[in-house]
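So the chains spell out like this:
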Amino acid sequence: MGKGRVYLVGAGPGDPKLISVRGMEAIQKADVIVYDRLANPRLLKHRRSEAELIFVGKLPDKHILKQEEINQLLVDLALQGKIVTRLKGGDPSVFGRVGEEAELLADHDVTFDIIPGITSSIAVPAYAGIPVTHRDFTSSFAIITGHEYPNKTYSSLDWEHLAKAIGTMVFLMGVANLEQICRELIRCGKSPDMPVALVRWGTWADQATITGTLGDITEKVRAADFKSPAVIIVGEVVKLREKLAWVEKKPLFGRRILVTRARSQASELVDLIDDLGGEAVEFPVIRLQSPSRPEALAALDQALDELQQFDWIVLTSVNGVEFFFQRLREKRIDVRKMGNARIAAVGPKTAEALAERGILADVLPARYHGEGILEAIQADLKAGQKVLLPTADLARDYLPVKLRELGLEVAEVDVYENVLTTDDGDEIIHLLQNQSIHIITFTSSSTVTNLIEALRKLGVEDPLSLLQGVEIACIGPKTAETVSQFGLPITYLAEEATVASLVRSLSGQ
């Protein structure tokens, strides 16, 4: 067996979109990912399904694995022929001990790559509205460790030089030693009135900032019980924060929002939440897949074999379009067999999915739901016409029932089904138990029932009590009705049955 390869990757300061392209590629190709607590767990969702995860997280006062054990672990995994991605918060070369890990790999002739990350020493101040340099204040900055080896009898830091020669000073891992840092800087000539800021969990939803001066910041931090992980910024640039605190002005800043939609559908909602300053956490309680029941697949295939006989094809979702055409490809059926059938789409997203496949919808309703599409096509319907209705296995009965009442022959077939999934559920339970989820979004009735059932399957005896105090956001009246049946209050209800409308509701726009 040949030796593997190790990627020593900087995950960035927390915001998962701040990882580099090369860092993401290393996650996607890894056999094993060795990660710590400051690497956003959302990054792990990009791994291969068979990739092994090993958590080696460190807390300020205790380690799951000592650094020497982590070094050896990387060597051992590589010698087993595995591709290993070591995922570290921030930049691995900035107090990330990547040199020690790389040295041992080199000693064992293991190939490795060091992939830089955006360091928290620059990104965290920036997210708090504090640029580390500014031509009106300073053209230099220093990154300084806030704690050294605990058994040191002296400090290797040249405090006098730092106090006199450096503009902005950024201390990492220094909350516990804040009082000493301030005392030493004042002793060496810094004014007690020098501005100071501490930014905790910078670039995360939990980001919080406290400001003061060298003379009073220690007491402020103590009074606020302001704990690590936090970055300390000392310098005149801190004065810019009040004017430049751009992230905190976003409407969803500080809000962690649970997205229960199937992962294949969630990207638009996640991106919109991120753009408005929220932190989207995906828990896709639904997985979409082709019909698994033989009778459902047989009914679908029969309808497709008789495609040319239908007068209408009514598509009620983007997923319906995707799985409909997927099955056409699998059966090698030419779309021209749709013949003269008129095509109706429930809304603009469904129509767009059709247009991507070279088909323009004949009918697009003004209201984007079953009632709306019925209103739009009703004048053109004739008794005896055949309608193909490709839907999900959990689709509402409203449309097929109404069409049959009008004397039409309706073939309602399942082109996809919703399957309950509990992937990454332990992380979600932890966040809910710690009241770290502020809003839960539901985009369909099945996301409501599946979330509650998923929590039960994960061992939560009373899922509804776990959801108490969390704000609920819904798309559409039917989803809201299902939420209400469980006794959960609804805080946000989208005016239109679209993701964009839901996010506008969340942000108060």
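Under an unreviewed UniProt entry, the name given to the protein chain is uroporphyrinogen-III C-methyltransferase, and the source organism is Paenibacillus marchantiophytorum. Its UniProt record gives the protein chain a comment under Sequence similarities (unreviewed entry), which states: "Belongs to the precorrin methyltransferase family."

Caption draft 1: Quick peek at the overall build of the protein chain. Across its full length, the protein chain carries 19 helices and 22 strands. Within the protein chain, the fraction of its 509 residues that count as buried is 50%. The long-range share in the protein chain, meaning contacts at least 24 apart out of those at least 6 apart in sequence, stands at 69%. Of the roughly 23900 Å² of accessible surface on the protein chain, a fraction of 49% belongs to carbon and sulfur atoms.

Caption draft 2: Spatial organisation of helix α4 (residues 120-127). Buried residues dominate α4, accounting for six of its eight residues. Against the buried residues of α4 lie β8 (141-145), β9 (168-172), β10 (195-200) and β12 (230-234). Positive backbone phi, at 80 degrees, marks G129, one or two positions downstream of α4.

Caption draft 3: Main features of the nonpolar core. Core analysis: the biggest nonpolar cluster contains 54 residues, and L307, F324 and I440 have the highest contact counts within it. Within the second largest apolar cluster, 25 residues are counted, among which are L162, M169, L178 and V234.

Caption draft 4: The arrangement of the side chain of E101 in detail. Its place among the elements puts E101 in helix α3 (residues 98-107). Relative accessible area serves as the criterion here: at 0%, E101 is assigned to the buried category.

Caption draft 5: How the structure looks around the environment of A351. In this fold, A351 is placed in helix α12 (residues 348-355). Judged by relative accessible area, A351 falls into the buried class, the value being 16%. Here the alpha-carbon distance between A351 and T316, two residues 35 residues apart in the chain, equals 9.6 Å. The residues touching A351, leaving out its near neighbours within four places in the chain, are A345, A361 and L364.

Caption draft 6: Seen up close, the environment of T447. With respect to the helices and strands, the residue T447 is situated in helix α16 (residues 445-457). The spacing of T447 and P41 is 406 residues in sequence and 22 Å in space, taken between C-alpha atoms. Once you skip the residues sitting within four places of it in the chain, T447 turns out to touch T260, R261, V285, I286 and F442. Side-chain polar atoms of T447 contact the backbone oxygen of S444, separated by 2.6 Å.

Caption draft 7: Highlighting the packing of helix α2 (residues 67-79) against α3. Interaxial distance between α2 and α3 falls to 9 Å at its minimum, and their mutual angle equals 40 degrees. Classified by the angle between their axes, α2 and α3 sit oblique to one another. Between α2 and α3 lies a crossing of right-handed hand. Along its contact with α2, which presents Q67, I70, N71, Q72, L74 and V75, the element α3 presents E100, E101, L104 and L105. Partitioning the contact of α2 with α3 into residue classes produces five nonpolar, three polar and two charged.

Caption draft 8: Seen up close, the packing of helix α9 (residues 263-275) against helix α19 (residues 499-507). Interaxial distance between α9 and α19 falls to 10 Å at its minimum, and their mutual angle equals 30 degrees. Of the possible angle classes, the one that applies to α9 and α19 is roughly parallel. Relative to α19, the crossing made by α9 is right-handed. Residues E268, L269 and L272 of α9 pack against V499, A500, L502 and V503 of α19. Among the residues making up the contact of α9 with α19, the classes are represented as six nonpolar, no polar and one charged.

Each value, and the rule that gives it
Residues numbered from 1 in each chain as written. Predicted model: local features only at pLDDT ≥ 70, side-chain atom pairs only at ≥ 80, totals over all residues. Heavy atoms only, no water. UniProt positions renumbered as here; feature names shortened; annotations may be inferred. Helix = DSSP H or I, 4+ residues; strand = E, 2+ residues; numbered from the N terminus. Buried < 20%, exposed > 50% of the residue type's maximum accessible area, 1.4 Å probe, protein only. Contact = heavy atoms within 4.5 Å. Areas by Shrake-Rupley, 256 points an atom, 1.4 Å probe, with all protein chains shown as cover. Core = buried A, V, L, I, M, F, W, Y, C linked by side-chain atoms within 4.5 Å. Polar contact = N/O pair within 3.5 Å; in protein donor to acceptor, adjacent residues only side chain to side chain. Axes fitted to C-alpha atoms, helices over the stretch in contact; angles between N-to-C directions. Parallel < 35°, antiparallel > 145°, perpendicular 65-115°, else oblique. Left-handed = near helix turned anticlockwise from the far one by under 90°. Nonpolar A, V, L, I, M, F, W, Y, C, P; charged D, E, K, R; others polar.

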